[in-house]
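Spelled out from the first residue to the last, the chains are:
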Amino acid sequence: DTAVSQTPKYLVTQMGNDKSIKCEQNLGHDTMYWYKQDSKKFLKIMFSYNNKELIINETVPNRFSPKSPDKAHLNLHINSLELGDSAVYFCASSQVYVPISPLHFGNGTRLTVT
Amino acid sequence: GQQLNQSPQSMFIQEGEDVSMNCTSSSIFNTWLWYKQDPGEGPVLLIALYKAGELTSNGRLTAQFGITRKDSFLNISASIPSDVGIYFCAAQGGSEKLVFGKGMKLTVNP
């Protein structure tokens, strides 16, 4: 049973397209996150939701829109994809946000924009 | 903003050797976490530290939360080939978001 699962694992698409990445956690956690990992492996937070409410919204283009239908799901929709969006996107969850309890990560979605 | 300086950036060692890595910052943190990422997978938690001065072991891994609350180290003893991967430190202070170091890529030669 995968604790944090995200789909798809690979996503190859052309510039200008709109795509979505889905994430689900079965850990009963209250907080979910989206991280972006660039080619240098640097992990940078994009968004965080606590009980379906947005609590962190980093300096991310508004082409990226997270949606949390319930506290077990946090999806990421990206409009008008650009070459620079190519990266690995990780979903994560934690039981508590402050003080933070350990994050459980999904296995990532490798997005390639051509 | 808060930044973590993780060093070294990479290490090449022989199987059986010990490894040390650390993270430092000019900011004070309340929580330090150490993660390992295998290729094609997400980071997995190794050790969590919640108290200044805390020293915690997990098998061959030992980590400490610095007494100044501005640093942490991770040691791996008697390395084995499956220790290869990228090791990340992460820290949170107060109500701030979790910040990650830039990672340390470990290669273990059999």
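The structure we're discussing is the one just above.
Every chain begins its residue count from 1, and numbering advances along the sequence as written. Written order determines the labels here, with chains lettered from A and ligands numbered from 1. With pLDDT at 70 or above as the cut-off, local features in this predicted model cover only qualifying residues; side-chain atom pairs require 80 or more to be listed or tallied, and sums for whole chains, interfaces and linings still use all residues. No hydrogens and no water enter the side-chain calculation; it runs on all heavy atoms of the structure.

Draft legend 1. Region of the structure containing the pairing of strand β7 (residues 64–70) of chain A. All names here are of chain A. Pairing of β7 with strand β8 (residues 73–78) involves five bridges; the strand directions are antiparallel. Its bridge partner being in β8, D70 is matched across the sheet by H73. Linking β7 back to β8 in an antiparallel pair, the connection comprises two residues. Being paired, for any two strands, means DSSP has found at least two bridges between them. In this description a helix means any DSSP run of H or I spanning at least four residues, a strand means any run of E spanning at least two, and both kinds are numbered starting from the N terminus.

Draft legend 2. The packing of aromatic side chains, seen in detail. Pairing of aromatic rings covers Phe, Tyr and Trp, the last through its six-membered ring, and needs centres within 6.5 Å; plane angles under 30 degrees mean stacked, over 60 mean edge-to-face, and all others mean tilted. On inspection of all chains with the given rule, the structure shows 10 aromatic pairs over all chains. With 5.4 Å between their ring centres and 85° between their planes, A:Y35 and B:F100 make a pair best called edge-to-face. One end of the pair, A:Y35, is in strand β4 (residues 31–37); the other, B:F100, is in strand β10 (residues 99–100), on a second chain. Both rings, one in B:F88 and one in B:F100, keep their centres 6.3 Å apart while their planes meet at 85°; by these two values the pair is edge-to-face. Remark: B:F100 occurs in strand β10 and B:F88 occurs in strand β9 (residues 85–92); sequence separation between them is 12 residues. The same class applies to B:F88 as to B:F100, namely buried. Grouped by ring-pair contacts, the aromatic residues A:Y33, A:Y35, A:F90, A:F105, B:Y35, B:F88 and B:F100 constitute a single cluster. Counting as a charge over the ring demands two things of the Lys NZ or Arg CZ atom: a distance within 6 Å of the ring centre and an angle within 35 degrees of the ring normal. Sitting over the ring of A:Y10, A:K9 keeps its end group 5.9 Å from the ring centre. Residue burial is assigned from relative accessible area. The probe radius is 1.4 Å, only protein chains are included, and a residue is buried under 20% of its type maximum, exposed over 50%, and partly exposed in between.

Draft legend 3. Fine view of the pattern of salt bridges. Residues and elements named next belong to chain A. By salt bridge we mean one thing: a side-chain nitrogen of Lys or Arg within 4 Å of a carboxyl oxygen of Asp or Glu. The tally for this structure, following the rule as stated, stands at five salt bridges over all chains. Among the ionic pairs, R63 bridges to D85, the shortest N-O distance being 2.8 Å. Highlighted residues: R63 in the loop between β6 (53–57) and β7 and D85 in the loop between β8 and β9 (87–94), separated in sequence by 22 residues. When sorted by exposure, R63 lands in the same class as D85, which is buried.

Draft legend 4. The environment of B:G16, seen in detail. Within the fold, B:G16 resides in the loop between β2 (10–14) and β3 (19–24). Setting aside its immediate chain neighbours within four residues, B:G16 contacts B:A78 and B:S79. Here, two residues are considered to be in contact whenever any of their heavy atoms come within 4.5 Å of each other.

Draft legend 5. Representation of the interface of chain A and chain B in the model. Across the contact, 21 residues belong to chain A and 22 residues belong to chain B. In terms of surface lost to chain B, no three residues of chain A exceed A:L43, A:I100 and A:P102, which account for 30% of the buried area on that side. Connecting chain A to chain B are zero salt bridges. Going through the elements one at a time, β4 and β5 (43–50) of chain A are the ones with two or more residues in the side of chain A that touches chain B. When residues are grouped by polarity, Ala, Val, Leu, Ile, Met, Phe, Trp, Tyr, Cys and Pro land in nonpolar, Asp, Glu, Lys and Arg in charged, and all others, Gly among them, in polar. Of the residues assigned to the side of chain A that touches chain B, the class counts are 13 nonpolar, four polar and four charged. Here the quantity called buried area is the accessible surface, traced with a 1.4 Å probe, that two parts lose on coming together, added over both.

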